[in-house]
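Topology and contacts: notes
So the chains spell out like this:
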Amino acid sequence: DPALAHLRDAAWETYIVFCPPYNDALVVLREEYAKAIERIGTKPECAPGPGNPDEHLGDQLMVFYWRGKLTLEEPDGLLARFYAKAGPGLRRDAIEFLGRSLREVKGNVEPEVRERLVRLWERRVEAARPSGDTTELETFGWWFASGKLDEAWAVRELLNTLRITKRIDPDFLVLERLRDLAPRMPQQAVECLRHMVEGAREPWEL
């Protein structure tokens, strides 16, 4: 009943903002996740409340992908729908969320998780190139600074990203990681730094 949509919103938004993502709940609520994806952007981003439901929705979908509960290969799957509906800011938040999550992992990340994350990142780079909107790529700094991914791959992707964006977040953590890698990869480290200097909007940033 459309007249009761405010009650539906109250229930769903409370769930998506405050409840952690449970695998069993995904099985039961998959259709509700799909409906929530369709509603992305229908409410003001700065609406009063404890959190943006759309951002939390993206975060939960990223967690389910991390765990292997969602895949990129389903053309009509939840991830495909999310990326078809989400705007630049929401896509950026999703990539940043994964990068922050990587930094929080204690010890090594499981190989299958690393493979999934690499696939997602490379898919997002492919999608960003023709669109010309590279906002989400700028947050690769969180992935790079985590130190959880293959060093050669991470440096290569950082350099490719900087060539496109000239911007990377968070720049201070990227610089710390480049400092650690410079003795082993001096040329790549210096080239990354050059792009960061060229892309700095304010002279005090770096």
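Going by the structure above, here's the rest.
Residues numbered from 1 in each chain as written. Predicted model: local features only at pLDDT ≥ 70, side-chain atom pairs only at ≥ 80, totals over all residues. Heavy atoms only, no water.

1. Some details on helix H4 (residues 78-85)
For H4, the complete set of buried residues consists of Leu 78, Leu 79, Phe 82 and Tyr 83. Projection of H4 onto a plane perpendicular to its axis shows the buried side chains occupying an angular sector of 125°, all on one side. (Buried < 20%, exposed > 50% of the residue type's maximum accessible area, 1.4 Å probe, protein only. Helix = DSSP H or I, 4+ residues; strand = E, 2+ residues; numbered from the N terminus. Arc of directions from axis to C-beta.)

2. Brief notes about empty space enclosed by the protein
Applying the stated criterion to the full structure yields 2 cavities of 30 Å³ or more. Space inside the largest cavity adds up to approximately 70 Å³. Around the largest cavity, the lining residues are Lys 166, Arg 167, Ile 168, Asp 169, Asp 171, Met 196, Gly 199, Ala 200, Glu 205 and Leu 206. Residues that form the lining of the largest cavity fall into these classes: 4 nonpolar, 1 polar and 5 charged. Considered as a void within the structure, the second largest cavity measures approximately 30 Å³ in volume. Lining the second largest cavity, in full, are Trp 143, Phe 144, Ser 146, Gly 147, Lys 148, Leu 149, Glu 151, Ala 154, Arg 177 and Leu 181. Every element with two or more residues in the lining of the second largest cavity is listed here: helix H7 (140-146), helix H8 (151-165) and helix H9 (171-181). (1 Å grid on protein atoms, 1.4 Å probe; cavity = no way out; pocket = protein on both sides within 12 Å on 5 of 7 lines; lining within 4 Å. Points joined across faces, edges and corners; volume = space filled by probe spheres on them. Nonpolar A, V, L, I, M, F, W, Y, C, P; charged D, E, K, R; others polar.)

3. Things to note about the packing of helix H1 (residues 5-18) against helix H2 (residues 23-38)
Across the interface, H1 lies against H2 with an axial gap of 12 Å and an inter-helix angle of 115°. H1 and H2 meet at a crossing whose hand is left-handed. Touching Trp 12, Tyr 15 and Ile 16 of H1 are Ala 25, Leu 29, Glu 32, Tyr 33 and Ala 36, all from H2. (Axes fitted to C-alpha atoms, helices over the stretch in contact; angles between N-to-C directions. Left-handed = near helix turned anticlockwise from the far one by under 90°. Contact = heavy atoms within 4.5 Å.)

4. Notes on the pattern of salt bridges
Applying the stated criterion across every chain, the model contains 18 salt bridges. Its salt-bridge partner being Arg 123, residue Glu 73 comes within 3.6 Å of it at the nearest N-O pair. One end of the pair, Glu 73, is in the loop between helix H3 (53-66) and H4; the other, Arg 123, is in helix H6 (residues 111-131), and 50 residues separate them in sequence. The partly exposed category is assigned to Arg 123, whose relative accessible area is 36%. Salt-bridge contacts for Arg 179 lead to Asp 180; the nearest nitrogen and oxygen are separated by 3.2 Å. Looking at Arg 179, the relative accessible area reads 55%, which means it is exposed. Exposure remark for Asp 180: the relative accessible area of 37% places this residue in the partly exposed category. (Salt bridge = Lys/Arg side-chain N within 4 Å of Asp/Glu carboxyl O.)

By themselves, these figures tell us nothing about what the structure is for.
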